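In case you want the letters, here they are:
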Amino acid sequence: MLRFLFLIPFFPFAGFAALTLGGRRLGRHAAAVGAGSVGLSALASLALAAGFLISPPPGYVYTQSLWTWMKVGGFSPGISLYLDALSLVMVLVVSVVSFLIHVYSGGFMSRGEGRRFFAYMNLFVGFMLTLVLAGNLVLLYLGWEGVGLCSYLLIGFWYRDAANGRAARKAFIVTRVGDTSMAIALFLLFAKLGTLEIQPLLKLAASHWQAGSGLAVAASLLLLGGALGKSAQLPLQTWLPDAMAGPTPVSALIHAATMVTAGVYLIARTNVLFSLAPQVRLLVAIIGAATLLLAGFSALTQRDIKRVLAYSTISQIGYMFLALGVGAWSAAIFHFMTHAFFKALLFLAAGVVIKGLAEEHDMFRMGGLRRQLPLAFWTFLAGAASLSALPLVTAGFYSKDLILWDAWSSASGSHWLWAAGLAGAFLTSIYTFRMVFLIFFGASRSRVGSRPGFIMQAPLVVLAALSLVGGFIEAPGAPFLSGFLHHALPVFQQAGGSAAVEFAFALISAAASLAGIYLAYHLFLRRPARAAALAASSSGRLLHRWWYSGWGFDWFYDRVFVMPYAWLARVSKSDPLDLIFAGASRLAAGAGRLFGRTQTGRTRWYAAGIAAGAIVVLALAVNW
Amino acid sequence: MSIQDFIAVLPLVALATAAVMIMLAITFYRSHLLTLAITLAGLAAAVALLPLAARQTPRQVTALLTIDGYALFFTGVILAATFAVAIFSYVYLRRRTGQHDELYLLLLLAALGAAVLAASSHFASLFLGLELLSSSLFVLIAYPRGRINIEAGIKYLILASVSTAFLLFGMALIYDQTGTMEFGRLAVIAGNTDGAGLLTAGLGLLAVGLGFKLALVPFHMWTPDVYQGAPAPITAFVATVSKVGVFALALRFFSEVGIHPHAHLFLLFTLIAVASMLGGNLLALLQNNVKRMLAYSSIAHLGYLLVAFLASGPLAVTAVAFYLSAYTATTLGAFGVIAVAPGHSGAEAETLQHYRGLFWRRPWLAAVFAAMLFSLAGIPLTAGFIGKFYLLDAGVGSSLWLLVFSLVAGSGISLYYYLRLVVVMYMRPHREGAREGADAFPWTGSLTLTLLMGVIFWLGVYPAPFIDMIERTARLK
């Protein structure tokens, strides 16, 4: 059973190959091929998961070595897949959610662009599955760069609009900063430990490096740099809101459910290194807490529905980082899973709205869509409830509450972290229900042009169901998921707190969520004038502008990095240093021209050349 | 000659038999397709006989031939390359009028000569193989009998004769000093004499003769003219099969005699290698004729190969065998594209202009060509990358820093002209919709090109089994 593991990433790659090479006739069935290949992959991973649970492999680990890429010196990166509890959960979520989004895309994308779209999407899924299944960091890095490439291609999918191209470039360049850091991490790990196979590497690190030693800190800091870029956390978060330029299913799949959580996976996968560097782990938690707050405030002020969701994604991944930082590994993965469900759902439902209103993104021009798009409304509501952690009935409640409780009670946690998380939860429910009330309630401001067909509705319903009941996999008292994940991740170190205290904390976070919803109702539905007045006051205007622009990070980076760099490039267009390179190319061209003179085409000259060469040879051989 | 000896040389016999059969077939019934079929059948039979012959290895068949894993490996490469050349020739000649059958006959004989070289362990068989190869090539190059073909053929004839004179004189000097023509005994005697002047001079002159065949600087000047003048499939043959045969021989000879004790000889080869790597790439840099460009680039590639040639150790042979195989597949693919690419009214598509916008007219052909150029440039995931990696590894392992540096610098220069061609292929054509020479070519051509591209990627992504095979078979003692 498990030996079919390689099929999981194989199907999407095969789909990509078929769509790329298959010619026009196949292109007409692009959606079927694209969704079908990912569907096969999802089926394979479901079957594999069943096999894994029924008869677990020894040690709950299965390794499949496909081949060795090359063998030089001590460097022999294998193309090997590694399946344990962690990668199994990741694979399941990635393949199932991807499949649902592919199905939805079949209805969302227009016919003419389907082939290119599904080819990119399949390529993305293949790389993402490679990333999570990789048994060594080289293969993981291949998947890492591969998903980055696909993200670039898909953000700029509608490349005729120059702004989309700019957004794609921005995403690529900003994440590249993180990727560079990660590449250096790999070099460092290989230089110091001599292997890049993840499991032996972690064992070596644990036995060779002291806790808190310089190397462990450096390695985990560099890896964290990579994770920050990919997962859009402070200070590399600026690319994600712009990435919404891509088609909505892309935002749902890549920039919400899967790729952006790769950083979370990376840290969870290399948790041993981070446990060796407690300072860095604390940094992870602080970055998570700061990011979730900053992004929450920004989400509060956006007008574009997709940008709200983008900031919300940044904020929710902040929760996952917070959980990783306090050592609540399985809580982070749990939140990754529920987030994948409800955020994909929110994007897809938003896609229905956007398509229905002919590419309208501004929430203030929507309203009262409850009756016109009932299915989109109910599913969006389910997703929104889950995102704002509505108590008991939603998956998001269980995962977020677990993170908050762990942040308080962890041996490496702190009350401040918990307070930040709680404030974030409050913010989350305000901005989430702000969206719900602005879009679906109030006066109707526009007419819906097109309604979704069955093919777009079915994934919405499935995801809505998952967003609501998906949390019971880790219900209090029956922690099935973390019990399973403990085969791969270290157990959470609790410092104190009894069941009663935990219950009290659950009540507090439930109250925060409900209070946020009520405030949103009050400000955006009952008394919209008051919200407007608040925003119009002088300090309100300032804050609004500041938050709206994402805390001015773009402005700041523009001035500190982009403009000086552009200036430097401009003034050094003809600097003396360039002469070396220009000179080298001119020298090469000149030498080429000079040598070219010898090619006269005359046989006697050629023969003379041979004779001259022979004389040199003889002189060397005899007269030395 | 025992029955085992006979089995060991069966692949060579199969080639000769196929040549004879073509000769007989022509007298009775001239058919292009039939001749091609006999050629391919002969080559396939020879390949099929390789495992049989491999059971007898290593075996000294008379004093002339050593049939060992090394010889059989390179014979396999030669046979496979000739197979592809035969198919390209068929595609190429079908478009042109005239009698085509003799070309295949000569092709088989030339391949036989190259295979003899790979197995040769005696000056007599060396000379026999070399002349069998060269004499066939004189005619093959001039085969279509156009003005430019004949010019190229005559140039090759004259210059090859000059170089052969040097070669023979070198052999004579060596024989004079050692009294033998067998490599093995010769090496023993040469090892005992302390690098006497005449012996080194003989080895140097031998190097001149072989250097000419390998088109190494400064014996390279014939290359662009001949590559350009020969019909494209024959150019592919000159660039691959003849190089493989001669290089296999040179490596065997010089590793038996040993270069390292002869310091001047080592210096000499180092200079030749550096000059070839830099000179070849610099000459290719500004070239607008694709065939000439590839000719110069082949000079550079042979220079790269000398890096492993000069590195000692078992890795050197592996590196050479892998690089030669990768280079052969890639070069065949590149010239194969030229052979089947649509040109102006029967002429070949030679200049850069012909390839402008090829992607928009013939996407598949352009993709194959781009893959071949990437492999020549040594971009990862292609065979060229792994090959170059092995060369560098061998060079670094023996601390040949000057050579390693030249290899890197040469590769850097080469990127320009390889990538320029790729860029040109993907540019929009000048006149939209002007379909020049859009005549289709048979599926066999596309299939062969596709297979070659598969080989390039296979060797680039999953080279382990092939390297294992090289390490098992292609070993020198």
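Computed from a prediction, not measured in an experiment: that's the story for all the values here.

Caption draft 1: The packing of aromatic side chains, seen in detail. Per the stated rule, a full pass over the model turns up 55 aromatic pairs over all chains. Between F123 of chain B and F183 of chain B the ring centres are 5.8 Å apart and the planes differ by 65°, which places this aromatic pair in the edge-to-face class. With F123 of chain B in helix α6 (residues 123-141) and F183 of chain B in helix α8 (residues 183-192), the pair connects residues that are 60 residues apart, well separated along the chain. Here F123 of chain B matches F183 of chain B in class, with each residue buried. A connected cluster of aromatic rings, assembled from ring pairs, spans F377, W378, F380, F433, F437, F440, F441, Y518 and Y521 of chain A. If you follow K355 of chain A out to its NZ or CZ, it ends over the ring of F108 of chain A, 5.1 Å from the centre. For the cation-ring pair, R428 of chain B lies above W360 of chain B, with the distance from its terminal atom to the ring centre recorded as 3.7 Å.

Caption draft 2: Examining the interface of chain A and chain B more closely. Facing 32 residues of chain A, the contacting portion of chain B comprises 42 residues. Here chain A meets chain B over a buried area of about 3,000 Å², counting both sides, of which 80% is carbon and sulfur. Applying the counting criterion to the chain A and chain B interface returns 0 salt bridges. In this assembly, chain A and chain B are joined by 3 residue pairs in polar contact (both at pLDDT 80 or more). Elements that contribute at least two residues to the side of chain A that touches chain B include exactly β1 (62-68), α26 (576-598) and α27 (603-622) of chain A. Residues belonging to the side of chain A that touches chain B are distributed by class as follows: 21 nonpolar, 9 polar and 2 charged.

Caption draft 3: Structural view of helix α5 (residues 114-133) of chain A. For α5 of chain A, built from 20 residues, the straight-helix expectation of 28 Å at 1.5 Å per residue is met to within 8% by its first-to-last C-alpha distance of 28 Å. Where burial is concerned, most of α5 of chain A is hidden: 18 out of the 20 residues are buried.

Caption draft 4: Examining the pattern of salt bridges more closely. Taken as a whole, this structure holds 17 salt bridges over all chains when the rule is applied. A salt bridge links D179 of chain A to R176 of chain A; its shortest N-O distance comes to 3.2 Å. Within this pair, D179 of chain A and its partner R176 of chain A are both found in helix α7 (residues 162-193), separated by 3 residues, close to a single helical turn. On the basis of relative accessibility, which here comes to 2%, the residue D179 of chain A falls in the buried class. For R176 of chain A, a relative accessible area of 30% corresponds to the partly exposed category. In this structure, R185 of chain B and E182 of chain B form a salt bridge, with 3.6 Å as the shortest nitrogen-oxygen distance. It is possible to trace a salt-bridge network through shared partners that takes in K170, D242, R307 and D554 of chain A.

Caption draft 5: How the structure looks around the side chain of T270 of chain A. Note on placement: T270 of chain A falls in the loop between α12 (262-269) and α13 (271-276). Other than its neighbours up to four places away in sequence, T270 of chain A contacts L202 and L223 of chain A.

Caption draft 6: Structural context of the packing of helix α14 (residues 314-340) of chain B against helix α19 (residues 443-461) of chain B. Residue and element names in this part refer to chain B. α19 packs onto α14 with a crossing angle of 150° between their chain directions and a minimal axis gap of 10 Å. Viewed along their axes, α14 and α19 adopt a mutual orientation that is roughly antiparallel. In this structure, α14 crosses over α19, and the sense of that crossing is left-handed. Taken together, the residues of α19 that come into contact with α14 (itself represented by F322, A326, A329, T330, L332, G333, G336, V337 and V340) are L449, L452, V455, I456 and L459. Looking at the contact of α14 with α19, its residues break down into 11 nonpolar, 3 polar and no charged.

Caption draft 7: Broad picture of the environment of L201 of chain A. All names here are of chain A. Among the structural elements, L201 can be located in helix α8 (residues 198-208). L201 sits 73 residues away from F274 along the chain, and the two C-alpha atoms are 13 Å apart. Among all residues touching L201, those that are not within four sequence positions of it are L137, L189, L193, T195, L196 and L273.

Analysis parameters
- Residues numbered from 1 in each chain as written.
- Chains lettered and ligands numbered in written order.
- Predicted model: local features only at pLDDT ≥ 70, side-chain atom pairs only at ≥ 80, totals over all residues.
- Heavy atoms only, no water.
- Phe/Tyr/Trp six-rings, centres within 6.5 Å; stacked < 30°, edge-to-face > 60°.
- Helix = DSSP H or I, 4+ residues; strand = E, 2+ residues; numbered from the N terminus.
- Buried < 20%, exposed > 50% of the residue type's maximum accessible area, 1.4 Å probe, protein only.
- Lys NZ or Arg CZ within 6 Å of the ring centre and 35° of its normal.
- Contact = heavy atoms within 4.5 Å.
- Buried area = accessible area lost by both parts, 1.4 Å probe.
- Salt bridge = Lys/Arg side-chain N within 4 Å of Asp/Glu carboxyl O.
- Polar contact = N/O pair within 3.5 Å; in protein donor to acceptor, adjacent residues only side chain to side chain.
- Nonpolar A, V, L, I, M, F, W, Y, C, P; charged D, E, K, R; others polar.
- Expected span 1.5 Å × (residues − 1).
- Axes fitted to C-alpha atoms, helices over the stretch in contact; angles between N-to-C directions.
- Parallel < 35°, antiparallel > 145°, perpendicular 65-115°, else oblique.
- Left-handed = near helix turned anticlockwise from the far one by under 90°.

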